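Analysis of the macromolecular model
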Amino acid sequence: MKKILVTGGAGYIGSHTVVELVEAGYEPVIIDNFSNTEERSLQGIADILGGDVTCHRIDCTDTAALREVFEKETDIEGVIHFAAFKAVGESVDEPLKYYHNNVGSLVALLQVMKEFNVNKLVFSSSCTVYGIPAELPVTEQTPVQKANSPYGNTKKICEEILTDLATSGSDMYTTALRYFNPIGAHPSAKIGELPLGVPNNLVPFITQTAAGIREQLTIFGNDYDTPDGTCIRDYVHVVDLAKAHVVAIERLLSGKAGNIEFFNVGTGTGNTVLEAVQAFERATGEKLNYKIGPRRPGDVPKIFADVTKATEELGFKTTTTLEEAMKSAWDWQMHLKETAK
Ligand code: WQD
């Protein structure tokens, strides 16, 4: 089986991608420092797969530790790099933490990959690089703009590093996936987004409110230029997103990929916050307690993907509806409640 190194593989999108890699016949090896996830993720992966996945507990900015892993794990065919911090608000308060971890881990990884002649990389990027997009839906040619946050800037800088590497004549082949809004959980409800503190993101806040953990959801603004005044996003189910990584690494290993390629990974459909809330209520039968509050600074009013390129070149298409995604998020929340007892 082809061995794929998955940094941040115990995290939200990483754990779902590890499961899809095994289902597709690959041998994933996880690297994680567990600074932003919990050991229980590994148990959830094992429960789904019926066996453990190798995990090295190291920090991706630690070049020496990375070297040790590459020495131990011979014949790594490719790498999927998730390891990064992703809380937009936190990045504004602690920019250095974000630049050190998100940019530092990529540079360290690239250095060690070069030493061990591993040259196929899938990079976890983000639609935040489009800022307030110049056009809708956004294509991969939509101009990348000044980031709204240090987090978004780290993704932009990482994309520039990878582009410079590709144009330097290096033999590194990178596919960068620009995620829209990942939501939901594995249908088994054994892995999902682990809530560390008060959720910044909409869907975990919705499920925690419905579960009685949070008092009430505040919808940040309903005076935007959208059908119901609330912001528009492209909510993509995490399993669909995970499958996009498998397709991307397969294409890299097949030799069909260019030196540096970017793909939007979303559904291609925009939904407002209120539509997302209503989809949750329809999917679960739960009535959500929410109110309209002031706008959140830095929010992009509207963004959703044009997924033509991923469809045509990766053969990738999302299959999960917004309601199904919301149901999976709710089932995961109930699993957390059951297992917390
Ligand atoms: C979505 C919408 C809020 C919480 C995230 C990540 C970013 C990137 C894209 C990966 C917005 C509204 C939210 C709440 C609300 N992902 N909202 N009340 O900001 O689009 O960005 O996905 O790279 O890293 O942060 O996601 O879930 O925070 O917000 O009304 O309590 O929900 O205003 O319109 P966002 P989000």
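As shown above, the structure is provided for reference.
This part is about the nonpolar core. Residues Ile 4, Leu 21, Leu 177 and Ile 249 are the most contacted members of the largest nonpolar core, which totals 36 residues. Going through the elements one at a time, strand 1 (3–7), helix 1 (12–23), helix 2 (40–49), strand 6 (173–179), helix 8 (238–253), strand 11 (260–265) and helix 10 (308–314) are the ones with two or more residues in this core. Leaving out residues up to four positions away in the same chain, Leu 177 has contacts with Val 122, Phe 123, Ser 124, Ser 125, Ser 126, Ala 244, His 245, Ala 248, Phe 263 and Val 265. Judged by nonpolar contacts, the second largest core, of 27 residues, contains Ile 31, Val 79, Ala 83 and Leu 121.

As a further point, take the site of the ligand. Of all residues adjacent to the ligand, which total 19 residues, the nearest are Tyr 151, Leu 202, Thr 218, Arg 233 and Asp 299. Between the ligand and Asn 181, the relevant distance is 2.9 Å, taken from an oxygen atom to a side-chain nitrogen or oxygen of the residue. Arg 233 places a side-chain nitrogen or oxygen 2.6 Å from an oxygen atom of the ligand. Burial of the ligand by the protein chains amounts to 91% of its free accessible area of 680 Å². Of all the elements, strand 8 (residues 217–220) adds the most residues to the shell around the ligand, at four residues. Across the shell around the ligand, the residue classes break down as 10 nonpolar, five polar and four charged.

Quick look at the sheet that holds strand 1 now. Within the open sheet, the seven strands sit side by side as 3-2-1-4-5-6-11. Their pairing is parallel. Where the open sheet ends on each side, the last strands, each with one partner, are strand 3 (55–56) and strand 11. Note that strand 1 and strand 2 (residues 27–31) share five bridges and pair parallel. Along strand 2, the bridge assignment pairs Thr 7 with Ile 31. Against the sheet, helix 5 (residues 95–115) contacts strand 1, strand 4 (76–81) and strand 5 (120–126), and its axis sits at roughly 170° relative to strand 5. Here helix 8 sits on the sheet and contacts strand 1, strand 4, strand 5, strand 6 and strand 11; the angle it forms with strand 6, its principal contact strand, is near 165°.

Attention shifts here to the pairing of strand 2. For strand 2, the buried fraction is high: four of the five residues fall into the buried class. As judged from the two bridges shared by strand 2 and strand 3, these two strands associate in the parallel manner. When the sheet's bridge partners are listed, Ile 30 is paired in strand 3 with Cys 55. You can see the chain leave strand 2, run along helix 2 and come back into strand 3, and the turn it takes is right-handed.

Where helix 1 contacts helix 8, the axes come no closer than 8 Å and their chain directions differ by 60°. As summarised for this structure, helix 1 and helix 8 are arranged oblique, according to the angle between their axes. Note on packing geometry: the crossing formed by helix 1 with helix 8 is right-handed. Here Tyr 12, Ile 13, His 16, Thr 17, Glu 20 and Leu 21 of helix 1 come into contact with helix 8, specifically with Val 238, Val 239, Leu 241, Ala 242, Lys 243, His 245, Val 246 and Ile 249.

With that settled, the discussion passes to helix 5. Compared with an ideal rise of 1.5 Å per residue, which puts 21 residues at 30 Å, helix 5 spans 30 Å between its outermost C-alpha atoms and is within 8% of the ideal. The largest bend in helix 5 comes to about 30°, at Gly 104. Contacts made by the buried residues of helix 5 are with strand 1, helix 3 (63–72), strand 4, helix 4 (88–93), strand 5 and helix 6 (150–167). Looking one or two places after helix 5, you find Asn 117, whose phi comes out positive at around 50°.

What counts as what
Residues numbered from 1 in each chain as written. Predicted model: local features only at pLDDT ≥ 70, side-chain atom pairs only at ≥ 80, totals over all residues. Heavy atoms only, no water. Core = buried A, V, L, I, M, F, W, Y, C linked by side-chain atoms within 4.5 Å. Buried < 20%, exposed > 50% of the residue type's maximum accessible area, 1.4 Å probe, protein only. Helix = DSSP H or I, 4+ residues; strand = E, 2+ residues; numbered from the N terminus. Contact = heavy atoms within 4.5 Å. Near = heavy atom within 4 Å. Polar contact = N/O pair within 3.5 Å; in protein donor to acceptor, adjacent residues only side chain to side chain. Areas by Shrake-Rupley, 256 points an atom, 1.4 Å probe, with all protein chains shown as cover. Nonpolar A, V, L, I, M, F, W, Y, C, P; charged D, E, K, R; others polar. Pairing = 2+ DSSP bridges. Axes fitted to C-alpha atoms, helices over the stretch in contact; angles between N-to-C directions. Right-handed = clockwise from strand over helix to strand, strands pointing away. Parallel < 35°, antiparallel > 145°, perpendicular 65-115°, else oblique. Left-handed = near helix turned anticlockwise from the far one by under 90°. Expected span 1.5 Å × (residues − 1). Bend = angle between axes of the 7 residues up to and from the residue.

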